[in-house]
Amino acid sequence: MKIRQRLSAPMLAAVMVITLAACVGEVDVPEAEPTANETATPPPVFASEEEALAAAVETYEGFLAQSDQILAEGGAGAERIDRFLMGEVEASERAGYAEMVGLGLRTEGSTKVT
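A brief structural summary. Here the structure is a predicted model, which is why all the values come from computation and not from measurement.

Overview of the overall build of the protein
And step 1. Tallying secondary structure elements over the protein gives four helices and zero strands in all.
And step 2. Written out in order from the N terminus, the α and β elements of the protein read α-α-α-α.
And step 3. Put simply, the protein has 114 residues, and 14% of those count as buried.
And step 4. Relative to all contacts within the protein whose residues are 6 or more apart in sequence, the contacts with residues 24 or more apart total 46%.
And step 5. A total of about 9,800 Å² of accessible surface is found on the protein, and carbon and sulfur atoms cover 61% of it.

Comments concerning the packing of aromatic side chains
And step 1. Applying the stated criterion to the full structure yields two aromatic pairs.
And step 2. Centroid distance Phe 63 to Phe 84: 6.3 Å. Interplanar angle 65 degrees. Geometry classified as edge-to-face. Placement of Phe 63 in helix H3 (residues 49-72) and of Phe 84 in the loop between H3 and helix H4 (87-103) is noted, with a sequence separation of 21 residues between them.
And step 3. What makes Phe 63 buried here is its relative accessible area of 16%.

Points about the nonpolar core
And step 1. With ten residues, the main nonpolar core is built from Phe 63, Leu 64, Ile 70, Leu 71, Ala 78, Ile 81, Phe 84, Leu 85, Tyr 97 and Met 100.
And step 2. Where this core is concerned, the elements lending two or more residues are H3 and H4.
And step 3. Counting residues per element, this core draws most heavily on H3, at four residues.
And step 4. Dropping the residues within four chain positions of it, Ile 81 is found in contact with Phe 63, Gln 66, Ser 67, Ile 70, Arg 94 and Tyr 97.

Re the side chain of Gln 66
And step 1. As for its placement among the helices and strands, Gln 66 is situated in helix H3.
And step 2. The residues contacting Gln 66, other than those within four sequence positions of it, are Arg 80, Ile 81 and Phe 84.

Remarks on the pattern of salt bridges
And step 1. All told, the structure shown has four salt bridges when counted by the stated rule.
And step 2. With its nearest N and O atoms 2.7 Å apart, the salt bridge here joins Arg 80 to Glu 73.
And step 3. Of the residues examined, Arg 80 reaches a relative accessible area of 26% and is grouped as partly exposed.
And step 4. Across the pair Glu 108 and Arg 106 runs a salt bridge, and its minimum N-O distance is 3.5 Å.
And step 5. Classification of Arg 106 as exposed rests on a relative accessible area of 53%.

Focus on the packing of H3 against H4
And step 1. As a packed pair, H3 and H4 sit with axes 10 Å apart at the nearest point and diverge in direction by 25 degrees. On the basis of their axis angle, the class for H3 and H4 is roughly parallel. Only Glu 93, Tyr 97 and Met 100 of H4 make contact with H3, whose side of the interface consists of Phe 63, Ser 67, Ile 70 and Leu 71.
And step 2. When its residues are assigned to classes, the contact of H3 with H4 shows five nonpolar, one polar and one charged.

Some remarks on the environment of Asp 82
And step 1. Tracing the backbone shows Asp 82 in the loop between H3 and H4.
And step 2. In the structure, Asp 82 is positioned twelve residues away from Arg 94 in sequence and 8.8 Å away in space, judged by C-alpha atoms.
And step 3. Leaving out residues up to four positions away in the same chain, Asp 82 has contacts with Glu 90 and Arg 94.

Here is what the cut-offs are and how they apply
Residues numbered from 1 in each chain as written. Predicted model: local features only at pLDDT ≥ 70, side-chain atom pairs only at ≥ 80, totals over all residues. Heavy atoms only, no water. Helix = DSSP H or I, 4+ residues; strand = E, 2+ residues; numbered from the N terminus. Buried < 20%, exposed > 50% of the residue type's maximum accessible area, 1.4 Å probe, protein only. Contact = heavy atoms within 4.5 Å. Areas by Shrake-Rupley, 256 points an atom, 1.4 Å probe, with all protein chains shown as cover. Phe/Tyr/Trp six-rings, centres within 6.5 Å; stacked < 30°, edge-to-face > 60°. Core = buried A, V, L, I, M, F, W, Y, C linked by side-chain atoms within 4.5 Å. Salt bridge = Lys/Arg side-chain N within 4 Å of Asp/Glu carboxyl O. Axes fitted to C-alpha atoms, helices over the stretch in contact; angles between N-to-C directions. Parallel < 35°, antiparallel > 145°, perpendicular 65-115°, else oblique. Nonpolar A, V, L, I, M, F, W, Y, C, P; charged D, E, K, R; others polar.

Shown next, in the form of structure tokens:
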């Protein structure tokens, strides 16, 4: 008999939850008015795509030049690359420079993209 009582309590709870859920129905939630920050479109950073491309090329060339200099100096002064990189890429580059320092290696020449 005890087994039957244990089974009926969970069944009663389930029936109550289903019944209450059916009674609730739809609830109207008013939509929030957009704030000034949500509706304002930020101005473009560059005036044109050509200007954006020129800035990207200049930045990438600066990165390559700085990287070449650090590598030519055997990885010393790796923090100079920080202005071009961030996050995992920065950590990876700095680890590579540290390895160069540890091995006593350096490079000659410069990187050229064609």
